[in-house]
Amino acid sequence: MKTMLLSSLFCFLFLATGAQIKTAKPIKTYPKHTNFGIGVGYTRSVIFLSRNVKENNDASGLQISAVYGGAKLFRFSAEYSYYFPIKIEPTWFDIKAKTFEANMHIIARFKKSEAFFYPLFGISANFFQGYFTGRNDFQNLSDRYEANSTVTQNWVGLNIGTGYEYYIKPISLFFDYKMRVGLEEGKKQLNIMDVCLIAGLRYNIKVPSIHNLYRGTKSRYMIN
């Protein structure tokens with residue numbers, strides 16, 4: 001009898017010490033829906049900071065944008081800006097410019113408010129074209145370009161800035177401030193190439209999130 005009790009106790013201790021204790025991990029939740037918005041805006045830009053040295057000579061233009069995300073922390077945007085022609089007399093005339101860009105917004109919400117701030121960063125492709133006269137050429141661009149000719153220059157910029165958006169659903173009002181940093185022509189150093197302001201309106205709708213779409217392609221049935 002004593003032998004049976006010892007054997008039973010040994011088996012109990014073996015099973016107790018050998019068993020693995022499982023801790024329940026918190027279940028990760030992902031939003032099923034997120035935001036998608038189409039916006040139009042009015043923009044003001046110096047276009048090419050090192051060349052546009054005249055005061056109060058910003059170019060104005062129109063911007064269209066699409067944003068996706070924002071249900072949690074991040075949002076992504078694709079934007080296009082077209083600027084009306086300007087001149088920088090007497091060196092440049094008939095200047096035309098446009099910009100394509102992709103940015104990420106980091107959402108910082110206010111409690112009990114329909115507004116939020118968002119620091120932003122991204123990349124841009126910038127296009128500049130103008131008639132170069134060669135007069136008052138303080139940058140010595142005549143060494144690179146022929147006087148009285150049309151000059152086209154494209155450059156890639158890194159965008160840094162911030163924005164503010166206020167919702168009156170489904171419409172939102174937004175303001176963006178951006179600096180575009182790039183390699184200055186003829187110099188292998190980064191400089192601020194452009195500074196711009198944008199104000200506009202955006203129409204927003206709810207759409208499936210990327211996680212929900214991915215889960216739908218992995219599941220047998222896409223209907224919940």
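It should be emphasised that the depicted structure is a prediction, and the values quoted were computed from it without experimental measurement. (Residues numbered from 1 in each chain as written. Predicted model: local features only at pLDDT ≥ 70, side-chain atom pairs only at ≥ 80, totals over all residues. Heavy atoms only, no water.)

In this section: the packing of aromatic side chains. Counted according to the given criterion, the structure contains 12 aromatic pairs. Taken together, the ring pairs connect Phe-48, Trp-92, Phe-128, Phe-132, Tyr-145 and Trp-155 into an aromatic cluster. One residue, Arg-75, lies across the ring of Tyr-118, its end atom 5.0 Å from the ring centre. If you follow Arg-109 out to its NZ or CZ, it ends over the ring of Phe-116, 5.9 Å from the centre. (Phe/Tyr/Trp six-rings, centres within 6.5 Å; stacked < 30°, edge-to-face > 60°. Lys NZ or Arg CZ within 6 Å of the ring centre and 35° of its normal.)

For the protein, per-residue confidence averages 85 on the pLDDT scale, and 80% of positions sit at 70 or higher. Across residues 220–224 the pLDDT falls below 50, and counting only partners more than four positions away or on other chains, this stretch makes 3 contacts in the model. (pLDDT = per-residue confidence, 0-100. Contact = heavy atoms within 4.5 Å.)

To continue, consider the pattern of salt bridges. Pairing between side chains of opposite charge can happen when the charged atoms of each approach one another. Evaluation of the coordinates by the stated rule reveals 6 salt bridges. Measuring nitrogen to oxygen at the nearest pair gives 2.8 Å for the salt bridge that ties Arg-180 to Glu-101. Here Arg-180 is found in strand E8 (residues 171–183), whereas its partner Glu-101 is found in strand E4 (residues 92–106), with 79 residues between them in sequence. Judged by relative accessible area, Glu-101 falls into the buried class, the value being 7%. Salt-bridge contacts for Asp-194 lead to Arg-180; the nearest nitrogen and oxygen are separated by 2.6 Å. In this pair, Asp-194 sits in strand E9 (residues 190–208) while Arg-180 sits in strand E8, placing the two residues 14 residues apart along the sequence. Grouping residues by exposure puts Asp-194 and Arg-180 together as buried. Each of the salt bridges in this network shares a partner with another, and the network as a whole consists of Glu-79, Glu-101, Lys-178, Arg-180 and Asp-194. (Salt bridge = Lys/Arg side-chain N within 4 Å of Asp/Glu carboxyl O. Helix = DSSP H or I, 4+ residues; strand = E, 2+ residues; numbered from the N terminus. Buried < 20%, exposed > 50% of the residue type's maximum accessible area, 1.4 Å probe, protein only.)

Turning to its location among the elements, Tyr-203 is positioned in strand E9. Judged by its relative accessible area of 46%, Tyr-203 is partly exposed. Sequence separation between Tyr-203 and Ile-38 is 165 residues, and the spatial gap between their C-alpha atoms is 5.4 Å. Discounting chain neighbours no more than four positions away, the residues touching Tyr-203 are Phe-36, Gly-37, Ile-38, Pro-170 and Ile-171.

With 9 bridges joining them, strand E2 (residues 59–69) and strand E3 (residues 74–88) adopt antiparallel strand pairing. Following the sheet pairing, Tyr-68 is matched in E3 by Phe-76. Sheet topology note: the E3/E4 ladder contains 12 bridges and is antiparallel. Looking at E4, one finds that Tyr-80 is bridged to Phe-100. Remark: 3 residues form the turn of the hairpin made by E3 and E4, two consecutive strands paired antiparallel. (Pairing = 2+ DSSP bridges.)

The next thing to look at is the nonpolar core. Judged by nonpolar contacts, the single largest core of 24 residues is most densely connected at Ile-47 and Trp-92. Elements represented by at least two residues in this core include exactly E3, E4, strand E6 (115–132), strand E7 (149–168) and E9. If you tally residues by element for this core, the top one is E6, at 5 residues. Those residues in contact with Ile-47, other than ones at most four positions away along the chain, are Ala-59, Tyr-83, Ile-86, Ala-97, Phe-128, Trp-155, Met-193 and Asp-194. (Core = buried A, V, L, I, M, F, W, Y, C linked by side-chain atoms within 4.5 Å.)

Direction of pairing for strand E1 (residues 33–45) relative to E9: antiparallel, over a ladder of 13 bridges. Within E9, the position partnered with Gly-39 by the bridge is Arg-202. As paired strands, E8 and E9 are joined by 13 bridges and run antiparallel to one another. Of the residues in E9, the one forming a bridge with Gly-182 is Asn-191.

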